[in-house]
Amino acid sequence: MQRWPLRQVAFIGLGLIGSSLARLLRERGLVERITAASRSRQTLATAQQLGIIDIGYANPADAVRGADLVILAMPVNATEAVMAAIKPALSQSAVVTDVGSTKGNVVAAAEAVWGHVPATFVPGHPIAGSEQSGVMAGRADLFAAHKVILTPLTHTSADAVALVTALWQAAGAEVMTMRVEQHDAVLARTSHLPHLLAFSLVDTLAQESDNLDIFRYAAGGFRDFTRIAASDPRMWHDIFLANRDAVISALDAFEAGTQRVRDAITSNDSDALLGMFTRARAAREHFTHMLAGTAYAKSMTHTKELRFTVEPGGNFTGRARVPGDKSISHRSIMLGSLATGVTDVTGFLEGEDALATLQAFRDMGVVIEGPTAGRVRVHGVGLHGLKAPPGPIYVGNSGTTMRLLSGLLSAQPFNAVLTGDASLAKRPMERIAKPLRMMGADIQTTGERGTPPVTITGNAALKGIHYDMPIASAQVKSGVLLAGLWAQGTTSVTEPAPTRDHTERMLRGFGYAVKTEGATANVQGGGKLTATQIDVPADISSAAFFLVAASIAPDSDLVLEHVGMNPTRVGVINILRAMGGNIEVLNSREVGGEPVADLHVRSAQLKGIDIPEDQVPLAIDEFPSLFIAAACAEGVTTLTGAEELRVKESDRIQVMADGLLTLGVSAVPTADGIVITGGPIGSGEVISHGDHRIAMSFAMAGLRATGPIVIRDCANVATSFPDFIGLARRCGLRIRASEHDLH
Ligand code: NAP
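Not measured: the values here are computed from a predicted model. (Residues numbered from 1 in each chain as written. Predicted model: local features only at pLDDT ≥ 70, side-chain atom pairs only at ≥ 80, totals over all residues. Heavy atoms only, no water.)

Caption draft 1: Focus on empty space enclosed by the protein. Per the stated rule, a full pass over the model turns up 1 cavity of 30 Å³ or more. What the largest cavity holds in volume is close to 50 Å³. Broken down by element, the residue count for the lining of the largest cavity peaks at 3 residues, all from helix 21 (residues 623-632). For the lining of the largest cavity, the per-class residue count stands at 8 nonpolar, 1 polar and no charged. (1 Å grid on protein atoms, 1.4 Å probe; cavity = no way out; pocket = protein on both sides within 12 Å on 5 of 7 lines; lining within 4 Å. Points joined across faces, edges and corners; volume = space filled by probe spheres on them. Helix = DSSP H or I, 4+ residues; strand = E, 2+ residues; numbered from the N terminus. Nonpolar A, V, L, I, M, F, W, Y, C, P; charged D, E, K, R; others polar.)

Shown next as structure tokens:
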């Protein structure tokens, strides 16, 4: 086993890659002596002058004599000749590695020279570089934060792999291993093909008669796209020839793609064109999230902490439309996709969960334009038009998407796998899989303990069932009813306690009959959904912060537009009114099956109440803001029967009680609720524990505070309320956001 620092490292080739690695070894003191061979004397002389190497040779055999590690860093097509030259001079224990951009031909070269691939040869490829070449272009930090792929064979020595891995890790690179063929196929698509296209495009255009005009007027896009055509022609010539089969197969796939674009343009097939382009645009970001196993919203990946600071006082006035309802945003994409015709959606919530649903349907071949400022156009494919997704469907952090799609996918003629981010991977999925199995679905929860991934085998003939839900869940009810659209006969679900009925309402909005009798909803299979327009109602959960703000701030007068008034969600209005809130419901109407209204709110002297327990499920998400209302009310407000609040995004009872106490308000948590005594709100720093609703609730408390309130850990606000700060400021809240380094 070699030890650091190594006694001698030999480089064959000292261009961009070789000299970068040599610089790094030197700077980090990882080797005592560096030798090298190159074709030109000039290269070696320069390297010696720069102090990168100790001694240079014209003959590779001289350079490798006595070396512990030999690094082949010349063009790939020279590999066989170089290996033949160094073979007699290599010491027995020397480890040999290379940096070539192709691996199949390098391994074949070793085989040709030795008769087998030596166990001490570790094929490698740094995925880093630039358009420059030569010894002067090298940089010690070239590989930092880049990937290096090693393609050891089954018999490659583990010690040799460990040495080469340590070398690249010292360069700051992330080392991964792959099979040789896999490497060449992947690189052919991600690196070789784009270079080939750039070279070919520039060459083609340069040969046109008006080529001067083309290049003179070329805009940034052309320059970006063709940047890599400035790469070393000789090196790329070698790479395309060395990786011929994989490059040709990648080119075939690409040509089939351009042919599809060509056909779509020729035949004016606007849907097909839009489909390809919207999918492509979304794909880059989607795959980034998928690979990292992260959520969609950028706020979730912040490395900095977001804080809100609210200066005290002010009134809360004007007209505002808060973001669209999340549940309805999800369903507008799902049912729009399954409908016949084009569904235009406005007011769509561009939060990560609904975006996951949108991407899932794109993966299944639905053309979806947008979202642009809340507008989405869904080109429905009908109940039988979904296509098999190209791979697992990644739904980020969205439990709604996973459970509803489980139902919908159980009835499709193709197989599908649903995966999600790390936190969704822990959520129970058996509760939806079980009733679907009773309907005849072939569905497995392949994670430990009935968790994702969910694997669904297509072509199951579903039959209608009656399902008595053991736990009240709108997601399970919706998943079963959606499967029922394809099932034979009637599918009915009875819920033990009322849950949100957005799916039933929106199905009706799309012209699909859903019957509800008491606690039971049922659908008949074999119907049809017809496209419609959906102006997604503003989310009453987001409106709640504004309702409370305008109620507690003096001289306030606010109209909240187009608020969803689903009877399963209006608890916050009922409770505020019971506390003396002044809320008028104007222009009640129905949109896509959902009741909607404008709410006119004015300041009121609120009084403490015992919150009726029958209102608790109807306001379950709104309690953080209602606690602020209680702090501003005269007297005592008591909440009971709300133990569920302890297992939301945070323990909302404890976290709210802690914050209220910090601000000088008397708040006593109980097992299933809280007792809050109204009184003056002071100033201080409260921690939201990443819970968006708690952050926004404390922000509104600033309207009645005696000093500034700082709220920590607010990045997640963007996931449910993208422009909270902007909208709250326009109404009069003196709030600003700032970023702070995480410690
Ligand atoms: P480079 O800057 O052009 O350097 C090539 C070096 O190899 C030069 O020192 C050259 O010597 C020497 N050389 C050329 N032909 C030789 C031969 N027949 N025998 C011995 N030495 C020879 O190229 P590079 O960018 O460092 O690329 C080197 C290797 O790294 C290639 O296999 C390439 O596939 C791989 N790679 C490149 C990149 C990239 O972006 N550039 C990225 C990853 C991997 P003289 O200067 O003396 O002629």
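Let's pick the thread back up.
Caption draft 2: Region of interest: the packing of helix 19 (residues 540-552) against helix 23 (residues 692-701). Between helix 19 and helix 23, the shortest axis-to-axis distance is 9 Å and the interhelical angle comes to 15 degrees. Judged by the angle between their axes, helix 19 and helix 23 are roughly parallel. The crossing of helix 19 and helix 23 is right-handed. On the side of helix 19, the interface is formed by Ser541, Phe545, Phe546, Ala549 and Ile552, while helix 23 contributes Arg693, Met696, Ser697 and Met700. A breakdown of the residues in the contact of helix 19 with helix 23 according to their chemical character gives 6 nonpolar, 2 polar and 1 charged. (Axes fitted to C-alpha atoms, helices over the stretch in contact; angles between N-to-C directions. Parallel < 35°, antiparallel > 145°, perpendicular 65-115°, else oblique. Left-handed = near helix turned anticlockwise from the far one by under 90°. Contact = heavy atoms within 4.5 Å.)

Caption draft 3: Inspection of helix 10 (residues 233-242) at higher detail. Along helix 10, the residues that are buried comprise Trp236, Asp238, Ile239 and Phe240. Put simply, Asp232 is the residue that caps the front of helix 10, since its side-chain oxygen is 3.1 Å from the backbone nitrogen of Arg234. (Buried < 20%, exposed > 50% of the residue type's maximum accessible area, 1.4 Å probe, protein only. Polar contact = N/O pair within 3.5 Å; in protein donor to acceptor, adjacent residues only side chain to side chain.)

Caption draft 4: Summary view of unusual backbone geometry. The peptide bond linking Trp4 to Pro5 adopts the cis configuration, its omega dihedral lying at -10 degrees. Within the secondary structure, Pro5 sits in the segment before strand 1 (6-12). Here Gly370 and Pro371 are connected by a cis peptide whose omega angle stands at 5 degrees. The phi angle at Asn587 is positive, at roughly 50 degrees, despite the residue not being glycine. Relative to the elements of secondary structure, Asn587 occurs in strand 25 (residues 582-591). Relative accessible area serves as the criterion here: at 52%, Asn587 is assigned to the exposed category. For Asp713, which is not a glycine, the phi torsion comes out positive at approximately 65 degrees. Position of Asp713 among the secondary structure elements: in the loop between strand 31 (709-712) and helix 24 (717-720). A relative accessible area of 33% means that Asp713 is categorised as partly exposed.

Caption draft 5: Looking closely at the site of the ligand. Neighbouring the ligand are 26 residues; Leu16, Ser38, Arg39, Ser101 and Gly134 lie closest to it. A distance of 2.9 Å separates an oxygen atom of the ligand from a polar backbone atom of Ser40. Take Gly134: an N or O atom from its main chain is 2.7 Å from an oxygen atom of the ligand. Within the complex, 85% of the 900 Å² of free accessible area of the ligand lies under protein. A breakdown of the residues in the shell around the ligand according to their chemical character gives 12 nonpolar, 12 polar and 2 charged. (Near = heavy atom within 4 Å. Areas by Shrake-Rupley, 256 points an atom, 1.4 Å probe, with all protein chains shown as cover.)

Caption draft 6: Broad picture of the sheet that holds strand 5 (residues 95-98). Judged by pairing direction, the sheet is parallel, and its 6 strands sit side by side in the order 3-2-1-4-5-6 without closing on themselves. In the strand order of this sheet, the two ends are held by strand 3 (55-57) and strand 6 (121-122), each with one partner. Inspection of the sheet shows strand 4 (residues 69-72) paired to strand 5 by 4 bridges, in the parallel sense. Across the sheet, the residue bridging to Ile71 is Thr97, located in strand 5. Its contacts with the sheet place helix 6 (residues 158-170) against strand 1, strand 4, strand 5 and strand 6, and it is angled at close to 50 degrees to strand 5. (Pairing = 2+ DSSP bridges.)

Caption draft 7: Main features of the environment of Arg505. Relative to the helices and strands, Arg505 is located in helix 18 (residues 502-509). Remark: the alpha-carbon pair of Arg505 and Ile328, spanning 177 residues in sequence, is separated by 9.8 Å. Looking at Arg505, its side chain comes within polar contact range of the main-chain oxygen of Gly593, at 3.1 Å.

Caption draft 8: Spatial organisation of helix 23. Across the 10 residues of helix 23, 10 count as buried, placing the element largely inside the fold. Buried within helix 23 are the following residues: His692, Arg693, Ile694, Ala695, Met696, Ser697, Phe698, Ala699, Met700 and Ala701. Regarding helix 23, its N-cap is Asp691, as a side-chain oxygen of that residue lies 3.1 Å from the backbone nitrogen of Arg693 further along.

Caption draft 9: Structural detail: the packing of aromatic side chains. For the structure on display, the rule yields 8 aromatic pairs. With a centroid separation of 5.3 Å and 70 degrees between ring planes, the pair formed by Phe316 and Phe546 is classed as edge-to-face. Taken together, the residues Phe316 in the loop between strand 10 (304-310) and strand 11 (317-320) and Phe546 in helix 19 connect sequence positions 230 residues apart. Judged on exposure class, the residue Phe316 and its partner Phe546 are both buried. Relative to Phe627, the ring of Phe623 lies with its centre 6.1 Å away and its plane at 40 degrees, an arrangement referred to as tilted. Remark: Phe627 and Phe623 occur in helix 21; sequence separation between them is 4 residues, near one turn of the helix. Like Phe623, the residue Phe627 is buried in the burial classification. Three or more aromatic residues joined by ring pairs form one cluster here, namely Phe308, Phe316, Phe546, Phe721 and Phe724. (Phe/Tyr/Trp six-rings, centres within 6.5 Å; stacked < 30°, edge-to-face > 60°.)

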